[in-house]
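Structure assessment
Now for the letters of each chain:
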Amino acid sequence: MADDNKFSDLKTTLIKAKTADAADASKVDNKRDSKGRAYATGRRKESVARVWIKPGSGKIIINGRDETVYFARPVLRMILRQPLVAANRDGQFDVIVTVNGGGLSGQAGAVRHGISRALVNYEPTLRAALKPGGFLTRDPRAVERKKYGRPKARRSFQFSKR
């Protein structure tokens, strides 16, 4: 009789686990809005990028301008396309970005971070492809503050022996 009770407890535990997994899966699917877009925020240095992705032809629009106009240097365009290439989704998503703060390099890093997070929100299975490349991790490096008694953060004034 005790064995029957253990079996029924195990059975209810398994049923609860399956329903919990189904609930988690439904939470993952709810990362898209009513228009089928996924949203994420990316940050790097002082830059903040708000990124929306949706299935499309692969266009990237940044602050209302094409990526080739906004990021004229090819290196910056390569940086923001890295997560799409790593996930084998280059040319499959349209990306709309609003980015502000910082310089162009920081903005490109923020857009890359935002695209990576939006891809995971859209398609959670891509996390395994993006995580090893470090695309989901926010780069914590920032400008070091200036110290008193020095002209810059670490530079010291020229020493004069005489």
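Structure: see above.
Presented here is a report on the structure given in the accompanying data block. Residues take numbers from 1 onward in each chain, read along the sequence in its written order. Where local features are concerned, this predicted model is filtered to residues with pLDDT of at least 70; where side-chain atom pairs are given and counted, the filter is 80 or more; whole-chain, interface and lining totals use all residues. By convention in this description, side-chain values take in all heavy atoms of the structure and omit both hydrogens and water.

1. Focus: the overall build of the chain
- Strands here are runs of E lasting at least two residues and helices are runs of H or I lasting at least four, both read from the DSSP assignment and numbered beginning at the N terminus. Each helix and strand counted, the chain has five helices and five strands in total.
- Going from the N terminus to the C terminus, the chain shows its helices and strands as α-β-β-β-β-α-α-β-α-α.
- In this scheme, a residue with accessible area under 20% of its type's maximum is buried, one over 50% is exposed, and one in between is partly exposed, where area comes from a 1.4 Å probe on protein chains only. Looking at the chain as a whole, 30% of its 162 residues are labelled buried.

2. Quick look at helix α4 (residues 104-122)
- Over its 19 residues, α4 extends 26 Å from the first C-alpha to the last, a length consistent with the 27 Å expected when each residue adds 1.5 Å.
- Counting buried positions over the 19 residues of α4 gives 15, a clear majority of the element. For a helix, the expected span equals 1.5 Å multiplied by the residue count minus one.

3. Observations regarding the pattern of salt bridges
- Should a side-chain nitrogen of Lys or Arg be within 4 Å of a carboxyl oxygen of Asp or Glu, the pair is scored as a salt bridge. Enumeration over the complete set of coordinates arrives at seven salt bridges.
- D139 serves as the salt-bridge partner of R141, at 2.8 Å between the closest nitrogen and oxygen.
- Each of R44, D139 and R141 takes part in one network of salt bridges that share partners.

4. Side note on the packing of aromatic side chains
- Aromatic rings from Phe, Tyr and Trp, taking only the six-membered ring of Trp, are treated as a pair when their centres fall within 6.5 Å; an angle between ring planes under 30 degrees marks them as stacked, one over 60 as edge-to-face, and anything in between as tilted. Throughout the structure, instances matching the rule amount to three aromatic pairs.
- Judged by centre distance (5.1 Å) and plane angle (50°), the rings of Y39 and W52 are tilted. With a gap of 13 residues between them, Y39 in strand β1 (residues 38-44) and W52 in strand β2 (residues 47-55) connect regions that are remote in the sequence.
- A relative accessible area of 33% means that Y39 is categorised as partly exposed.

5. A look at the pairing of β2
- With seven bridges connecting them, β1 and β2 associate as antiparallel partners. Of the residues in β2, the one forming a bridge with R43 is V48.
- Between β1 and β2, which follow one another and run antiparallel, lie two residues, and K45 among them has a positive phi close to 50°.
- Two strands form a pair only when DSSP identifies at least two bridges running between them. Here β2 pairs with strand β5 (residues 93-100) via eight bridges, running antiparallel. Note on β5: the bridge partner recorded for W52 is I96.

6. Details of helix α3 (residues 74-86)
- Here α3 contains 13 residues, and its C-alpha end-to-end distance of 18 Å stays within 8% of the 18 Å for a straight helix at 1.5 Å per residue.
- The largest bend along α3 reaches roughly 40° and is located at L80, with the proline P83 sitting one to four residues downstream.
- Looking at α3, one finds that the buried residues are L76, L80, P83 and L84. Consider a residue and the seven residues that end there alongside the seven that start there; fitting an axis to each set, the bend is the angle between those axes.

7. With respect to the sheet that holds β2
- Reading across the sheet, the five strands line up as β1-β2-β5-β3-β4 and stay open at both edges, with mixed pairing between neighbours. At either margin of the open sheet sits one strand with a lone partner, and together these are β1 and β4 (65-66).
- Sheet topology places strand β3 (residues 60-62) next to β4; two bridges connect them, and they run antiparallel. Its bridge partner being in β4, I61 is matched across the sheet by D66.
- When checking whether two residues touch, look at their non-hydrogen atoms; a contact exists if any pair is within 4.5 Å. Axes here mean lines fitted to C-alpha atoms, for a helix over just the part in contact, with angles spanning 0 to 180 degrees between N-to-C directions. Of the strands in this sheet, β1, β2 and β5 are in contact with α4, which crosses β1 at around 150°.

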